[in-house]
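Fold and geometry: a report
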Amino acid sequence: MSIVEQSGPMDIILREAAQNGDYMIIKDLVSTGQASIEKRDASNGYTPLHYSCANGHLECVSTLLMLGADPSASTLTSANGCVTPLMLASQAGFDEIVALLLHHNSHVSERDSNNMRAYDHAAEMAIALKGVESGRRRDCEVILRVQDDPGDPTSALYPKRRVSSYADTEADVIVSIAAGGSTRVSAGFALSISGRGTLWGYGLNNKGQIFRGLDTTTEWRWRRSEDLRKYHRRVSACSAGGEHSLAILDTGHIVTAGSNYNGQLGTGDGKDVTVPQPLDLTVKATAVACGTHHSVVIMEGGVTLTFGLNRNGQLGTGDRSDRYSPVEIPTFQSQGIRFTRCEAGSAHTVWIDTNRNVWSCGRGLSAGHGSPGDIDDLKPMMIPDLKAITIACGEYHTLLIDDTKKRRLYSWGSGQHGCLGHSDRADQRKPKHVTMFTDKKVAKRSMLVSCAAGGKHSLVMTNWCDIYAFGDNSYGQLGRGDRKVNLLPRLLTDLEKYRPACPIAIAASGYHSFVALTDKRILHFGSVSRETAERRLNPDKLWPELLSPPDDDSDTEAERIEKEKKSGKNIGHQKKTNAATGANYGNSKKK
């Protein structure tokens, strides 16, 4: 007698729907009892869940699990390989499906006829493939490794954990954050990237700058940048300008959105872009930076391109003409200089080359070359006797951490509000050492690793995860509970209450600041706008406040039901509604 029961016509249609990704047919056939959710294909022993997992149909997997499919269903016989849906999803690199199956208690320790587990399938394919495809399998491998594994040598150091919910993977650890807006724009916004390459947007979206396509509504919460999902790629880097944004996909392609009045999106026509648009470049990009109204790109191989507003020579082209398409800088082109990092302010641009030398151009006061008066530096020049590991540009000032053992902090530009950290309000036309850190008056046991510059304020972070803030504090953007200007770096003591979670990334722009924590949460302080009416609706945050963690707006059916259970809503309401409208979902008997 065969283990696999004979399938009827509806069972075959069910498997085809699972294979093709039609979850509505699956719901109708199973709910009405016309097809069995566990009937197997006689040729290979696959259930509908096997087919959905193998083909990457997340909605179908969610629907089948909700309807009672066995997440650990095996193909039963050694002839069919004893394969489970988890093995198929891992082998194909569908990490979201792997997380969902684990949430429904799929057996991680199951082995196929070759004595391989799902983890082994993911690891084997990650080694065999290259590039993005290898990375997808590696993601699955990482997710599977965090399950209980008695053979894990790090188990004595770190507590064991399980993926407790699919929502846990949606709100993955934030690894990068960029703040947008300026002191001249009515409100600010921010972008963040999770460890899984998901891009999230927060705040002002009147120009479409947070990559949500035709949805240009402004909401003061984190929302997934839905329109980038159509590319089916992870985001590796992003930058936020005054009212525009650039993002780099893991393929090296650049996607743009937002205001394009001065050509800062590089599309060539100066028209605003609401629906994210790819930038047509022949070489892959490795870094991007958005100034208030201009943009900078570093390509694979270290070549840099600029475009947008050029009133102060911030594009480095030797003139003041705006550029609506990316152009290469003649100075760098003739000398063959290559770069690894770039940052942009309101009217100046700064680069770090492959030898860690620092180059800049633009507004004379902000460029750091000591140019007198209102003379602008239209061509980039190297700042002598200075090597850097990281830089940050505010609107009219710059921070730099040098490439020495002491990791000294330098600053220059407009010091009107104390944002340079030199205990005064004097402008600095050349880089000046911020002695507070080197003299061990602050940060006695640590060194600087990161910096961020806002409109008129600054943040720096140490390797002990301490954050120091200085500069303008009119809107609470220093996060110290008052509005007093700090002419010297001051420690953000309020962060202690979030321990053991530690800061992992910082960002500043306009009148507000962000701190991403290791427990996936994000702190925000300052003001989202300079407009009185907007500030009445969203009062200034003088202390760091937790924002709602990023959450998926388009939940699968299983996620929706789980969230309704947690919130105490009546999940039977939908069934009653369907019955009342005449929909046949199994609860209404046929007459």
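As a reminder, the structure under discussion sits directly above these lines.
Everything in this summary refers to the structure shown in the same document. A quick note: this is a predicted structure, and the numbers were derived from the prediction, not measured.

**Some thoughts on the sheet that holds strand β25 (residues 512–517)**
One open sheet accounts for four strands, arranged β24-β25-β26-β27; its pairing is antiparallel. Each of the sheet's edge strands pairs with one partner strand only, and the pair in question is β24 (503–509) and β27 (541–547). Pairs of neighbouring strands in the sheet enclose a mean axial angle of 20°, with direction left out of account. Taken together, the four bridges between strand β26 (residues 522–526) and β27 define a ladder with antiparallel strand orientation. The residue bridging G526 from the neighbouring strand is K541, located in β27.

**Focus: the pairing of strand β17 (residues 397–402)**
The element β17 is extensively covered by neighbouring structure, given that six of its six residues are classed as buried. Judged by which residues are buried, β17 turns out to be covered on both faces: H397, L399 and I401 on one side and T398, L400 and D402 on the other are all buried. As paired strands, strand β16 (residues 377–393) and β17 are joined by five bridges and run antiparallel to one another. Note on β17: the bridge partner recorded for C393 is T398. Hairpin connection between β16 and β17: a loop of three residues separates the two successive antiparallel strands. Where β17 meets strand β18 (residues 409–413), five bridges bridge the pair, whose relative direction is antiparallel. The residue bridging L399 from the neighbouring strand is S411, located in β18. Taking the residues between adjacent antiparallel strands as the criterion, β17 and β18 are bridged by six residues, where R407 takes a positive phi near 50°.

**Quick notes on the environment of S321**
By the element assignment, S321 lies in the loop between β11 (304–308) and β12 (323–328). Exposure remark for S321: the relative accessible area of 40% places this residue in the partly exposed category. For the pair S321 and N310, spaced eleven residues apart in sequence, the C-alpha separation works out to 5.6 Å.

The rules behind each value
Residues numbered from 1 in each chain as written. Predicted model: local features only at pLDDT ≥ 70, side-chain atom pairs only at ≥ 80, totals over all residues. Heavy atoms only, no water. Pairing = 2+ DSSP bridges. Helix = DSSP H or I, 4+ residues; strand = E, 2+ residues; numbered from the N terminus. Axes fitted to C-alpha atoms, helices over the stretch in contact; angles between N-to-C directions. Buried < 20%, exposed > 50% of the residue type's maximum accessible area, 1.4 Å probe, protein only.

Structural measurements only, silent on function.
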